[in-house]
Amino acid sequence: MLPKEPPRRPQLGFLYLPPYRVQGVSIAGEATAVQVPELDIGFDIGECPRAMLTSNTVAISHGHMDHIAALIYYFSQRSFQGMGTGKIVCHPDLAEPIHNLMGALVNIERQRTPYEVVTMNPEDQIPLKGNVVLRAFPTIHTVPSLGYSCVEMRSKLRADLVGTPQEQLMQLKEKGEEITELHEIPQVTYMGDTLWGKHFERPEVLDAKVLITECTFLEPGHRKRAGVGKHLHLDDIIQLLEMFRGEHVVLTHMSRRTNLSVVRTTLDKYVPSDLREKLHVLMDGRTNRARYEAQLAEAEARE
Ligand SMILES: [Zn+2]
Ligand SMILES: [Zn+2]
């Protein structure tokens, strides 16, 4: 008998949540790497699929291997393919060990790989793209960890001036008065491994157009296990959905042992139907493909 072919690589998870694509891979303990090309950002780099290389910035949630293993490959491939120096954003506690790792790589490869590490404390923000900034916020895990939000800073007419005639506004402006104010509109928010906590009440989380969050445990009997590993359980997600004011919640970080058809039936069974519509599972290729095909058909019909 001939030996079997090796198992095929699973396709990348893909969701089109206009105007954003959310794509990547996420399996608990194995690898998580999620990318939003429209914002030129990746989150975590447990694996580095080709598509992920194009993100000029990768924000690391925490240092566990399934979230950081492909870091050296990301830097090295970008350099090899002439894509410019990649930039990693991470918790300050990770900076020194990453420098040590890159230093060790010089000795291993006998060549220097260009790289950039930017550290962020909770509440820090850095420019990301256009008028969108990247803001870090604290999450709770077994090691230092951060969540990230891509927040659009939109300048709008001051609320108390709405309805004021144009000439009057011009006069105020000429007098040097600020007639606009900044509005924060969270676009995409990402949380790697985390326990439930106060950070779930943040506007960056509850108002995000697209919220990407882990949900490691689904089974009703697994609540305790979620707590021990400082992970989320589906019960937390239901609580989140009840408060969520944004458009989409994308779940990541499920175990390979969790069968996707069981995921679908579990979500259908436990998540109230009005909340279910907002909920997606990144790695549920079948459901996401059907959804994308419907989007394609709809776009074609419009043309
Ligand atoms: Zn993990
Ligand atoms: Zn972890």
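Scope of this entry: the structure provided in the associated data block. What you see as residue numbers is a count from 1 along each chain, following the sequence as written. Chain A is the first chain written and ligand 1 is the first ligand written, with later ones labelled in order. Note on the predicted model: pLDDT of at least 70 is required for a residue's local features to be given, and 80 or more for side-chain atom pairs to be given and counted; whole-chain, interface and lining totals, by contrast, use all residues. Only hydrogens and water are set aside; all other atoms, that is, all heavy atoms of the structure, feed into the side-chain values.

1. Description of the overall build of the chain
Our working definition: What counts as a helix is a DSSP run of H or I of at least four residues, what counts as a strand is a run of E of at least two, and both are numbered from the N terminus. In this treatment the radius of gyration is a C-alpha quantity, and the globule benchmark scales as 2.2 Å times the residue count to the 0.38 power. Classification of residues uses two cut-offs on accessible area relative to the type maximum, computed with a 1.4 Å probe and protein chains only: under 20% is buried, over 50% is exposed, and between them is partly exposed. Contact definition: two residues touch when any of their heavy atoms are within 4.5 Å. In these tables, accessible area is a Shrake-Rupley quantity obtained with a 1.4 Å probe, and a residue counts as shielded only by the protein chains included in the view.
In terms of helices and strands, the chain carries 10 helices and 14 strands. On C-alpha atoms alone, the chain measures out to a radius of gyration of 21 Å, which is about the 19 Å that the 2.2 N^0.38 rule sets for 303 residues. If you line up the chain on its principal axes, its C-alpha atoms span 85 × 55 × 45 Å. Counting over 303 residues, the chain shows a buried share of 48%. By sequence separation, contacts in the chain at least 24 residues apart represent 57% of the contacts at least 6 residues apart. For the chain, the accessible surface area stands at approximately 15,800 Å², while carbon and sulfur atoms represent 53% of it.

2. Examining the sheet that holds strand 11 (residues 180-191)
Test applied: Paired strands, in this sense, are two strands between which DSSP finds at least two bridges. Convention adopted: a line fitted to C-alpha atoms gives each axis, helices being fitted over their contacting stretch, and angles between N-to-C directions are expressed from 0 to 180 degrees.
Strands sit in the order 8-9-10-11-12-13-14 across an open sheet of 7 strands; the sheet is mixed. Each edge of the sheet is formed by a strand with only one pairing partner; in this case those strands are strand 8 (125-129) and strand 14 (279-281). Geometrically, the sheet is characterised by an average inter-axis angle of 30° between neighbouring strands, direction not taken into account. Sheet topology note: the strand 8/strand 9 (residues 132-138) ladder contains 4 bridges and is antiparallel. Paired with Lys129 across the two strands is Val132, which belongs to strand 9.

3. Points about the state of the cysteines
For clarity, the threshold we go by: Here, the term disulfide refers to a pair of cysteine sulfur atoms separated by no more than 2.5 Å.
Evaluation of the coordinates by the stated rule reveals 0 disulfides. With no disulfide of its own, Cys48 lies closest to Cys90 among cysteine sulfurs, the gap being 16 Å. Cysteine Cys150 shares no disulfide, and the gap to the nearest cysteine sulfur, in Cys90, comes to 16 Å. Cys150 sits in the buried class, given a relative accessible area of 0%.

4. Here we look at the coordination of the zinc ion (ligand 2)
This is how it is decided: Sodium, potassium and calcium take a 3.2 Å donor cutoff, other metals 2.8 Å, and in both cases only N, O and S atoms count; water is not among them, so sites may look incomplete. In short, tetrahedral needs four donors with all angles between 85 and 135 degrees, square planar needs four and octahedral six donors with opposite donors over 155 degrees apart and all other angles between 65 and 115, and whatever is left is irregular.
The protein atoms that coordinate the zinc ion (ligand 2) are His62 (NE2), His64 (ND1), His141 (NE2) and Asp193 (OD), at distances of 2.2 Å. Around the zinc ion (ligand 2), the 4 donor atoms are arranged such that angles at the metal cover 90 to 164°; this shape is classified as irregular. Between the zinc ion (ligand 2) and the zinc ion (ligand 1) the interatomic distance comes to 3.6 Å, and Asp193 is a ligand of both metals. Residue His62 is found in the loop between strand 5 (57-59) and helix 1 (65-68), and its partner His141 is found in the loop between strand 9 and strand 10 (146-157); the two are separated by 79 residues along the sequence.

5. What to know about a nonpolar patch on the surface
For clarity, the threshold we go by: What goes into a patch is any residue over 30% in relative accessible area without a salt bridge, connected to like charges within 9 Å or, for nonpolar side chains (Val, Leu, Ile, Met, Phe, Trp, Tyr), within 5 Å. Any carboxyl oxygen of Asp or Glu within 4 Å of a side-chain nitrogen of Lys or Arg constitutes a salt bridge here.
Taken together, the side chains of Tyr16, Tyr292 and Leu296 make up a nonpolar region of the molecular surface, amounting to roughly 240 Å² of accessible area. Positionally, Tyr292 belongs in helix 10 (residues 285-302). Judged by its relative accessible area of 31%, Tyr292 is partly exposed.

6. Considering helix 2 (residues 71-80)
Buried within helix 2 are the following residues: Leu71, Tyr74, Phe75, Gln77 and Arg78. Packed against the buried residues of helix 2 are strand 5, helix 1, strand 6 (87-90), helix 3 (92-109) and strand 7 (116-119). Where helix 2 terminates, the next one or two residues include Gly82, which has phi positive at roughly 65°.

7. Here's the deal with the pattern of salt bridges
Applying the stated criterion across every chain, the model contains 16 salt bridges. We note a salt bridge from Asp160 to Arg158, for which the minimum N-O separation is 2.8 Å. Overall, Asp160 belongs to the exposed group, its relative accessible area being 54%. Overall, the relative accessible area of 18% leaves Arg158 in the buried class. Between Glu201 and Lys198 there is a salt bridge, and its shortest N-O distance comes to 3.3 Å. Through salt bridges with shared partners, a single ionic network connects Glu123, Arg135, Glu184, Arg202 and Glu204.

8. Thoughts on the layout of surface pockets
The line we're drawing: A 1.4 Å probe that fits but cannot get out identifies a cavity on a 1 Å grid over protein atoms alone, an open set with protein on both sides within 12 Å along at least five of seven lines counts as a pocket, and a residue lines either if it has an atom within 4 Å of a point. Grid points are joined across faces, edges and corners, and a volume is the space filled by probe spheres set on the points. Think of it as three bins: nonpolar holds Ala, Val, Leu, Ile, Met, Phe, Trp, Tyr, Cys and Pro, charged holds Asp, Glu, Lys and Arg, and polar takes everything else, Gly as well.
Taken as a whole, the largest pocket spans an internal volume of roughly 510 Å³. Along its surface, the largest pocket is lined by 23 residues, and Gln11, Gly13, Leu260, Met283 and Gly285 are the ones closest to its centre. Elements supplying a minimum of two residues to the lining of the largest pocket: strand 1 (13-17), strand 2 (20-27), strand 13 (248-252), helix 8 (260-270) and helix 10. Ranked by the residues each element gives to the lining of the largest pocket, the list is headed by helix 10, at 5 residues. For the lining of the largest pocket, a count of residues per class yields 10 nonpolar, 9 polar and 4 charged.

9. Let's talk about the packing of helix 2 against helix 3
Cut-off, in case you're wondering: The cut-offs work like this: below 35 degrees is roughly parallel, past 145 is roughly antiparallel, 65 to 115 is roughly perpendicular, and the gaps in between are oblique. By the definition used in this description, the sense in which the near helix is turned from the far one sets the handedness, with an anticlockwise turn below a right angle giving left-handed and a clockwise turn giving right-handed.
Where helix 2 meets helix 3, the closest approach of the two axes is 11 Å, and the angle between their N-to-C directions is 60°. In terms of their interaxial angle, helix 2 and helix 3 are classed as oblique. The two elements helix 2 and helix 3 meet at a crossing, and its hand is right-handed. Contact residues: Leu71, Ile72 and Phe75 in helix 2; Ile98, Leu101, Met102 and Leu105 in helix 3. Classifying every residue of the contact of helix 2 with helix 3 gives 7 nonpolar, no polar and no charged.

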